[in-house]
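Each chain, letter by letter, is given below.
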Amino acid sequence: TQLLEQSPQFLSIQEGENLTVYCNSSSVFSSLQWYRQEPGEGPVLLVTVVTGGEVKKLKRLTFQFGDARKDSSLHITAAQPGDTGLYLCAGGGGQGAQKLVFGQGTRLTINP
Amino acid sequence: ETGVTQTPRHLVMGMTNKKSLKCEQHLGHNAMYWYKQSAKKPLELMFVYSLEERVENNSVPSRFSPECPNSSHLFLHLHTLQPEDSALYLCASSQVGISGQGEKLFFGSGTQLSVL
C-alpha cells in the first residue's frame, strides 16, 4: 500500500516568515500534486510536478519533486494570512485520478 | 457559477433517516468521485464513476449507495448511518485521458454530515 506522510501536521507562524512543508513516501510516484483547502471549501489544485528534480514556482510558493520521485516539498516565502489553509499532497501512479494517494495534510495558520 | 456544486452544504441526520447528497459538475468532465474527509485522516476515496459506469468501490459499507444518472450528476444515498460516518463528503470530477498521467481533480465544497 502506498502511503504519503506529510510534515508537520500543524504549523502556526507569523506573517512574513518563511516555511517548508514536506511530503514523503517510500514509494515512487509518476506525478505529485499539491492542493490547498480553505475552511468550508473543497481542495483546489495548486500544482502538478511530474519529473524528478522538477521545481515549479507559483508566486511566493515553490514546489519541488524529489530526484527519486518519492518526496516533494512546498516552500512559502513571506507567508501571508491568505496562505492559511490545509495543504494536501497527492501522489499519482499514472493510472488516472482514481489512483491518487493523498497525504493527511498540513494545517497552516498564518497570524497577522 | 462554480465548476462542481454540492448540496446540501450541511446535513444533520439520525441513524434511522434516509437522505441523499447531490453533486453536479459544469466542467464537461467524464469522471466523478465521492471522497470522505475525516479529521486527521487522508482523503478516502469511496466511489468512482467513469463514463457513467462505476469503476471503483473501495469496500464502502452498503449503507452508502452511489448513483450516477449521467456524466454531470452524482448522488450518494445514505441510510441507517452510524455516528462514525460523520465527516465532510467531497465530490470531485476529472477528465479521464488515455494516459491517465497527471489527471486533475476538481472538488466541490463538500457536505458536512453529522449523524446523531
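Residues numbered from 1 in each chain as written. Chains lettered and ligands numbered in written order. Predicted model: local features only at pLDDT ≥ 70, side-chain atom pairs only at ≥ 80, totals over all residues. Heavy atoms only, no water.

Here the focus is the packing of aromatic side chains. Tallying each qualifying case throughout the model produces eight aromatic pairs over all chains. Plain terms: the ring middles of Trp-34 of chain A and Phe-63 of chain A are 6.5 Å apart, the flat faces sit at 45 degrees to each other, and that makes the pair tilted. Of this pair, Trp-34 of chain A sits in strand E4 (residues 31-37) while Phe-63 of chain A sits in strand E7 (residues 61-65); the two residues are 29 residues apart in sequence, bridging distant segments of the chain. Here the two residues Trp-34 of chain A and Phe-63 of chain A agree in accessibility, since each one is buried. Three or more aromatic residues link up through ring pairs in this structure, and these residues are Tyr-35 and Phe-102 of chain A together with Tyr-33, Tyr-35 and Phe-107 of chain B. (Phe/Tyr/Trp six-rings, centres within 6.5 Å; stacked < 30°, edge-to-face > 60°. Helix = DSSP H or I, 4+ residues; strand = E, 2+ residues; numbered from the N terminus. Buried < 20%, exposed > 50% of the residue type's maximum accessible area, 1.4 Å probe, protein only.)

Here the focus is the sheet that holds strand E3 (residues 18-25) of chain B. Residue and element names in this part refer to chain B. Across the sheet, which stays open at both edges, the four strands sit in the order E1-E3-E8-E7 with antiparallel pairing between neighbours. In this open sheet, the two edge strands, each paired with only one partner strand, are strand E1 (4-7) and strand E7 (64-70). Across the sheet, the mean angle separating the axes of adjacent strands is 15 degrees when strand polarity is ignored. In terms of strand pairing, E3 meets strand E8 (residues 73-79) through seven bridges, oriented antiparallel. Of the residues in E8, the one forming a bridge with Lys-19 is Leu-78. (Pairing = 2+ DSSP bridges. Axes fitted to C-alpha atoms, helices over the stretch in contact; angles between N-to-C directions.)

To continue, consider the pattern of salt bridges. Summed over the entire model, instances satisfying the criterion amount to five salt bridges over all chains. As a salt-bridge pair, Glu-38 of chain A and Arg-36 of chain A come within 4.0 Å of each other at their nearest N and O atoms. Assessed through its relative accessible area of 38%, Glu-38 of chain A is described here as partly exposed. Between Asp-85 of chain B and Arg-63 of chain B there is a salt bridge, with its nearest N and O atoms 2.7 Å apart. (Salt bridge = Lys/Arg side-chain N within 4 Å of Asp/Glu carboxyl O.)

Another aspect to go through is the interface of chain B and chain A. The partner chain A presents 24 residues to the 25 residues of chain B that form the contact. Of the roughly 1700 Å² buried where chain B meets chain A, counting both sides, 53% is carbon and sulfur surface. For the pair chain B and chain A, the number of links is zero salt bridges. Counting residues per element, the ones that place at least two in the side of chain B that touches chain A are strand E4 (31-37), strand E5 (44-50), strand E6 (53-57) and strand E9 (87-94) of chain B. (Contact = heavy atoms within 4.5 Å. Buried area = accessible area lost by both parts, 1.4 Å probe.)

Residues and elements named next belong to chain A. The strand order across the open sheet built from five strands is E1-E3-E8-E7-E6, with neighbouring strands paired in antiparallel fashion. A strand with exactly one partner marks an edge of an open sheet, and here the two such strands are strand E1 (5-7) and strand E6 (55-58). Mean inter-strand twist for the sheet, computed between neighbouring axes without regard to direction, equals 15 degrees. The pairing of E6 with E7 spans four bridges and is antiparallel. Bridging across to E7, Lys-57 finds its partner in Thr-62.

What follows deals with the state of the cysteines. Applying the stated criterion across every chain, the model contains two disulfides over all chains. Note that Cys-23 of chain A is cross-linked by a disulfide to Cys-89 of chain A, the S-S spacing being 2.0 Å. The chirality of the disulfide connecting Cys-23 of chain A with Cys-89 of chain A is right-handed, given an S-S dihedral of about 80 degrees. A residue pair is termed long-range when its members are at least 10 positions apart, and Cys-23 of chain A in strand E3 (residues 19-24) and Cys-89 of chain A in strand E9 (residues 85-92) qualify at 66 residues. Accessibility expressed as a relative area gives 0% for Cys-89 of chain A, which makes it buried. The disulfide that involves Cys-23 of chain B links it to Cys-91 of chain B, with 1.9 Å between the sulfurs. In this structure, the disulfide formed by Cys-23 of chain B and Cys-91 of chain B twists by about -75 degrees around the S-S bond and is classed as left-handed. Here Cys-91 of chain B lies in strand E9 and Cys-23 of chain B lies in strand E3, a separation of 68 residues in the sequence. Among the residues examined, Cys-91 of chain B registers a relative accessible area of 0% and is labelled buried. (Disulfide = S-S within 2.5 Å.)

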